[in-house]
Amino acid sequence: MNHRIEVALAGERSYPIMLGKGLLGTPNLLEPYTRNQALVVTNAAVSGLFLDQVRRSLTSVDHLDVVEIGDGERFKTLDTYAAVLDALVDNRHNRTTTVVALGGGVVGDVAGFAAATYQRGVGLVQIPTTLLALVDSSVGGKTAVNHPAGKNLIGAFYQPHAVIADVGVLATLPEREFRAGFAEVIKYGIIADQPFFDWLESHIDEILDRDPACLIHAVRRSCEIKARVVADDEREQGRRMILNFGHTFGHAIEAVTGYEPILHGEAVAAGMVMAMDLSVRLGRSDDRDRHRVHRLIERSGLVTEALDIDEDALLDAMGMDKKVMDGRLRLIVCDGIGSVSVASDVPEQALRWAITHGR
Ligand code: NAD
Ligand code: GLY
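None of these values were measured; they are calculated from a predicted model.

Asks: Is there a simple way to think about the site of ligand 1 in this case?
Replies: Within the structure, ligand 1 sits among 26 residues, and D71, E73, T129, T130 and K151 are positioned closest to it. K76 places a polar side-chain atom, nitrogen or oxygen, 2.9 Å from an oxygen atom of ligand 1. When ligand 1 sits alone it has 870 Å² of accessible area, and the protein chains cover 88% of it. Counting only elements with at least two residues in the shell around ligand 1, the list comes to α1 (44–56), α3 (105–117), α4 (131–137) and β8 (150–157).

See the structure below:
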């Protein structure tokens, strides 16, 4: 069964997340969101799997080009972004074109930033192909590339015209990538929905087996929560920060380990464990909630104990995170599963405790 989830933004910028299994390949699926031109941005691995299906959904477009970018976080750069712009210029795309991002978060972030800036903004459709992209990066309009000084330092808020969320794409996703994406699904339960967290606990085996009905429910609930938060606070002036639960720790882990050995979702999982420990230390959550989060992360195969990270280096890296405002580190803490809030001025001792206990 297909679902439509609305990301309700001001004016005409609202857009649907079309969710189902087997959507890709439906003739004219993208007709409502495209005009005469389109550029599909993808990578070689994903293109081999899904480009033919996407082409079938784009038959209404007369002028279709494809650009493949390098595979992996190390290609989320200004050079790659420039290569996408070159493809648009060289193939004479005008302001009526639509950039179609077909891939995981790396493709989505680069393609989204190119769409945001080419001729001051052209159409964008996100077709996420990883679990992380389905439940997080394709929704909400954050686009960016990395700079040697930091992750996502150059980017824009730019909303797509539609997200095509086909859980069928997950059949080919490597196990490790799947589990890493699942960390973000767990996050939604922790930040906003205790019954969903309960459901994840009781369906974890089916989800890891990629049962389609369970996948649709997990992606649906995740997208509904993200859509609501983004609709309330599109540009992260306040409430949207709750989506960063575990991420300040996670981004620091990624920075300290040099991004290569650990996937984003794995770092977020480790960060959520630390954030739960911090929440207990600050008296916001009890030990039972902490244990439940640890246990679900563990059962998802996201074991974090093996991380060998220098405590001071991690604290340093946390100071560089974009969530620091006026020199004060603000962290999202859990007030019991299903609810979170912002903690400002967290004592360094409490942070150190969380870092050393949460792994
Ligand atoms: P990714 O884009 O690198 O994809 C992971 C790997 O899976 C790649 O090798 C890719 O080629 C492969 N792949 C993709 N789909 C596949 C499929 N269906 N079958 C087989 N292989 C497939 O990684 P990711 O985890 O999707 O995204 C991580 C990126 O997302 C990071 O750069 C992160 O900063 C960004 N991100 C952005 C937001 C946002 O709001 N914009 C949110 C979270 C993360
Ligand atoms: N991934 C966090 C956000 O979209 O705000």
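Asks: Would you mind going over the packing of aromatic side chains with me for this structure?
Replies: Aromatic rings considered in pairs are described by the distance between their centres and by the relative angle of their planes. Per the counting criterion, the structure on display carries two aromatic pairs. Aromatic pair Y81 and F113: ring centres 4.5 Å apart, planes at 25°, arrangement stacked. Note that Y81 is positioned in helix α2 (residues 78–90) and F113 in helix α3, a separation of 32 residues in sequence. Per residue, the accessibility class of Y81 equals that of F113, and both read buried. Summarising the aromatic geometry, the rings of F196 and W199 are spaced 6.1 Å apart at their centres and angled 10° between planes, so their arrangement reads as stacked. Taken together, the residues span about one helical turn, with F196 and W199 both in helix α6 (residues 194–208) at a distance of three residues. Like F196, the residue W199 is buried in the burial classification.

Asks: In this structure, what is going on with empty space enclosed by the protein? I would like to understand it.
Replies: Picture a little ball the size of a water molecule; that probe, rolled over the atoms, points out where space is still empty. Under the counting rule described, the total for this entry stands at one cavity of 30 Å³ or more. For the largest cavity, the calculated volume is near 40 Å³. Considering the residues around the largest cavity, the lining is formed by A101, G103, G104, G105, G108, Q126, I127, P128, A133, S137 and S138. Counting residues per element, the ones that place at least two in the lining of the largest cavity are β5 (98–103), α3, β6 (123–128) and α4. In terms of residues, the lining of the largest cavity owes the most to one element, β6, which gives three residues. Among the residues making up the lining of the largest cavity, the classes are represented as four nonpolar, seven polar and no charged.

Asks: Would you mind going over the layout of surface pockets with me for this structure?
Replies: Each pocket or cavity is described by its volume, and for the second largest pocket that value is around 310 Å³. Around the second largest pocket, the lining residues are E12, R13, S14, Y15, Y33, F157, Y158, Q159, P160, H161, E234 and R235. Of the residues in the lining of the second largest pocket, the class split is five nonpolar, three polar and four charged.

Asks: Is there a simple way to think about the site of ligand 2 in this case?
Replies: As a structural note, the neighbourhood of ligand 2 is formed by D136, K142, K226, E236, R240 and L243. Take K226: an N or O atom from its side chain is 2.6 Å from an oxygen atom of ligand 2. Across the complex, the protein chains shield 88% of the 190 Å² of accessible surface that ligand 2 would expose by itself. Residue composition of the shell around ligand 2, by class: one nonpolar, no polar and five charged.

Asks: Which parts of the structure should I look at to understand the packing of helix α11 (residues 311–319) against helix α12 (residues 348–357)?
Replies: Helix-helix packing is described using two parameters, namely the angle between the two axes and the distance between the axes. It is at 11 Å that the axes of α11 and α12 come closest, and there the two elements cross at 120°. Taken as axis vectors, α11 and α12 run oblique relative to one another. Between α11 and α12 the crossing geometry is right-handed. Mapping the contact onto sequence places E311, D312, L314, L315 and M318 in α11 and E348, L351, R352, I355 and T356 in α12. Among the residues making up the contact of α11 with α12, the classes are represented as five nonpolar, one polar and four charged.

Asks: Is there a simple way to explain the pairing of strand β2 (residues 15–20) in this structure?
Replies: Regular strands show a simple pattern: their side chains alternate between the two faces of the sheet. With five of six residues buried, β2 is to be regarded as a mostly interior element. As judged from the five bridges shared by strand β1 (residues 3–7) and β2, these two strands associate in the antiparallel manner. Bridge pairing in β2 links V7 to Y15. As paired elements, β2 and strand β9 (residues 162–166) share four bridges and run parallel to each other. Within the sheet, the bridge partner assigned to M18 lies in β9 and is I164.

Asks: Hey, could you run me through the nonpolar core in this one?
Replies: Note that soluble globular proteins tend to have their nonpolar side chains buried in a common cluster. Judged by nonpolar contacts, the single largest core of 101 residues is most densely connected at I127, L170, I190, F245, F249 and M318. If we skip the residues at most four places from it in the chain, F245 touches K187, I190, I191, M272, A275, M276, I332, V333, C334 and V340.

Parameters and conventions
- Residues numbered from 1 in each chain as written.
- Chains lettered and ligands numbered in written order.
- Predicted model: local features only at pLDDT ≥ 70, side-chain atom pairs only at ≥ 80, totals over all residues.
- Heavy atoms only, no water.
- Near = heavy atom within 4 Å.
- Polar contact = N/O pair within 3.5 Å; in protein donor to acceptor, adjacent residues only side chain to side chain.
- Areas by Shrake-Rupley, 256 points an atom, 1.4 Å probe, with all protein chains shown as cover.
- Helix = DSSP H or I, 4+ residues; strand = E, 2+ residues; numbered from the N terminus.
- Phe/Tyr/Trp six-rings, centres within 6.5 Å; stacked < 30°, edge-to-face > 60°.
- Buried < 20%, exposed > 50% of the residue type's maximum accessible area, 1.4 Å probe, protein only.
- 1 Å grid on protein atoms, 1.4 Å probe; cavity = no way out; pocket = protein on both sides within 12 Å on 5 of 7 lines; lining within 4 Å.
- Points joined across faces, edges and corners; volume = space filled by probe spheres on them.
- Nonpolar A, V, L, I, M, F, W, Y, C, P; charged D, E, K, R; others polar.
- Axes fitted to C-alpha atoms, helices over the stretch in contact; angles between N-to-C directions.
- Parallel < 35°, antiparallel > 145°, perpendicular 65-115°, else oblique.
- Left-handed = near helix turned anticlockwise from the far one by under 90°.
- Contact = heavy atoms within 4.5 Å.
- Pairing = 2+ DSSP bridges.
- Core = buried A, V, L, I, M, F, W, Y, C linked by side-chain atoms within 4.5 Å.

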